[in-house]
Amino acid sequence: MTHLSTEMLPDLRDPVLVAAFSGWNDAGEAASAAARWLVRHLPARRIGGLDAEEFHSFTDTRPTVRLVNDERRISWPAHDLYLAERADRPRDLLLLVAREPELRWRTYCEHMLSFARDAGTTTLVSLGALLADAPHSRPVPVSGFATDTDWWTRLEAEGISPSNYQGPTGIVGMIHDFARAGDLPSFSLWASVPHYLPTTANPKAALALLRRLNAVLGLSIDLKRLESAAAYFERQVNDAVSRDRRATGYLRELERRTEGSEEGSAAASGPLPSADEVIRDLEDFLRGRSEGDG
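Cut-offs used in this document
- Residues numbered from 1 in each chain as written.
- Predicted model: local features only at pLDDT ≥ 70, side-chain atom pairs only at ≥ 80, totals over all residues.
- Heavy atoms only, no water.
- Helix = DSSP H or I, 4+ residues; strand = E, 2+ residues; numbered from the N terminus.
- Buried < 20%, exposed > 50% of the residue type's maximum accessible area, 1.4 Å probe, protein only.
- Contact = heavy atoms within 4.5 Å.
- Areas by Shrake-Rupley, 256 points an atom, 1.4 Å probe, with all protein chains shown as cover.
- Salt bridge = Lys/Arg side-chain N within 4 Å of Asp/Glu carboxyl O.
- Axes fitted to C-alpha atoms, helices over the stretch in contact; angles between N-to-C directions.
- Parallel < 35°, antiparallel > 145°, perpendicular 65-115°, else oblique.
- Left-handed = near helix turned anticlockwise from the far one by under 90°.
- Nonpolar A, V, L, I, M, F, W, Y, C, P; charged D, E, K, R; others polar.
- Phe/Tyr/Trp six-rings, centres within 6.5 Å; stacked < 30°, edge-to-face > 60°.

### Overview of the overall build of the protein
A tally of helices and strands in the protein yields 9 helices and 11 strands. Looking at the 294 residues of the protein, the share that counts as buried comes to 48%. Sequence separation of 24 or more characterises 78% of the internal contacts of the protein that already satisfy a separation of 6 or more. Summing over all exposed atoms, the protein offers an accessible surface of approximately 15000 Å²; the carbon and sulfur share of this is 48%.

### Comments concerning the pattern of salt bridges
The tally for this structure, following the rule as stated, stands at 15 salt bridges. Linking arginine 73 and glutamate 71 is a salt bridge whose minimum nitrogen-to-oxygen distance equals 3.4 Å. The exposure class assigned to glutamate 71 is partly exposed, which follows from its relative accessible area of 45%. In this structure, arginine 211 engages glutamate 227 in a salt bridge whose closest nitrogen and oxygen atoms are separated by 3.4 Å. You can see arginine 211 sitting in helix α5 (residues 203-217) and its partner glutamate 227 sitting in helix α6 (residues 224-242), a full 16 residues away along the chain. Look at arginine 211 and you get partly exposed, because its relative accessible area is 43%.

### Some points on the packing of helix α1 (residues 30-41) against α5
In contact at an axis separation of 8 Å, α1 and α5 are set at 60 degrees when each is read in the N-to-C sense. If you check the angle between α1 and α5, you find them oblique. Handedness of the crossing formed by α1 with α5: right-handed. Taking contact as the criterion, the partners of Ala30, Ala31, Ala33, Ala34, Trp37 and Leu38 in α1 are, on α5, Ala205, Ala206, Leu209, Leu210 and Leu213. Its residues placed into classes, the contact of α1 with α5 shows 11 nonpolar, no polar and no charged.

### Quick look at the environment of threonine 64
Structurally, threonine 64 is set in strand β4 (residues 64-68). Judged by its relative accessible area of 45%, threonine 64 is partly exposed. Spatially, the C-alpha atoms of threonine 64 and tryptophan 76 are 6.8 Å apart, while their sequence positions differ by 12 residues. Contacts of threonine 64, omitting those with residues within four sequence positions, involve Arg73, Ile74 and Ser75.

### Quick word on the packing of aromatic side chains
Applying the stated criterion to the full structure yields 5 aromatic pairs. The interplanar angle of 85 degrees and the centroid separation of 6.1 Å between the aromatic rings of tyrosine 196 and tyrosine 250 together place this pair among those described as edge-to-face. Taken together, the residues tyrosine 196 in the loop between β11 (186-194) and α5 and tyrosine 250 in helix α7 (residues 245-259) connect sequence positions 54 residues apart. Judged by its relative accessible area of 1%, tyrosine 196 is buried.

### Looking at the environment of valine 97
Mapped onto the secondary structure, valine 97 falls in strand β7 (residues 93-99). Note on valine 97: relative accessible area 13%, which makes it buried. The sequence separation of valine 97 and leucine 81 amounts to 16 residues, and the corresponding C-alpha distance is 6.6 Å. Contact partners of valine 97, with chain neighbours within four places excluded, come to Ala20, Ala35, Arg36, Val39, Ala78, His79, Asp80 and Tyr82.

As structure tokens, this is what we get:
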């Protein structure tokens with residue numbers, strides 16, 4: 001029994017499937033925001049999706065209710081597939097924008113790889129984001145891995161550092177394992193998000209992912225609007241930091257460590273101060289700004 005439904009696809013040009021999952025693989029919502037940005041601005045049209053009923057425990061990932069013209073509407077966890085076709089780009093893009101499932105990961109991956117094969121996909125790409133000691137005031141580090149040596153050569157050429165992570169994995173790691181077993185070349189891009197902004201939507205990290213994706217795939221996508229959003233985000237965080245002495249000291253210490261200066265190297269022998277209060281202060285400030293802007 002299939003839990004995936006799509007419309008009949010045309011013949012695609014060297015199609016690449018780009019997948020991003022909100023949840024555990026998505027610090028600062030950077031990966032899912034990058035995928036949604038592609039859907040809106042390429043633009044892409046919805047061609048199908050997977051049935052959330054089979055892959056979620058709804059007590060863990062709850063549906064949401066919202067009011068539309070005073071009528072209550074339920075929104076289920078989404079697993080949507082989109083297609084972006086443009087004759088002036090070197091390849092077509094298939095986009096999966098989804099919530100990480102809790103159930104039946106093997107079945108989920110089998111469905112996705114079956115869809116990729118049927119669509120003639122030549123490469124699978126995933127986007128992810130992790131919390132790290134990465135100050136928001138510096139360029140966003142992007143790491144990655146590839147199951148194919150040619151793709152890894154391209155990643156290295158764009159300054160993407162290798163990921164040496166070992167430990168618990170998410171659906172992203174599982175999909176790449178299935179792609180490797182199915183002889184489908186694949187690679188993954190991961191943005192490092194400041195650990196002191198764990199739940200704040202981070203357009204700067206989303207931009208870093210899309211810049212690398214743009215370069216590696218040769219897509220020539222215009223990112224100016226996202227660049228403006230990332231610059232505004234950084235100004236907001238800078239404003240929040242400047243108003244809090246604890247946050248200012250914490251950021252300066254983190255910048256010294258990141259830059260590897262002599263002072264930072266010496267300081268690195270001791271632990272950073274606790275970030276708990278800094279996180280609360282910054283997120284309260286940014287949340288208030290967001291509500292005020294609305």
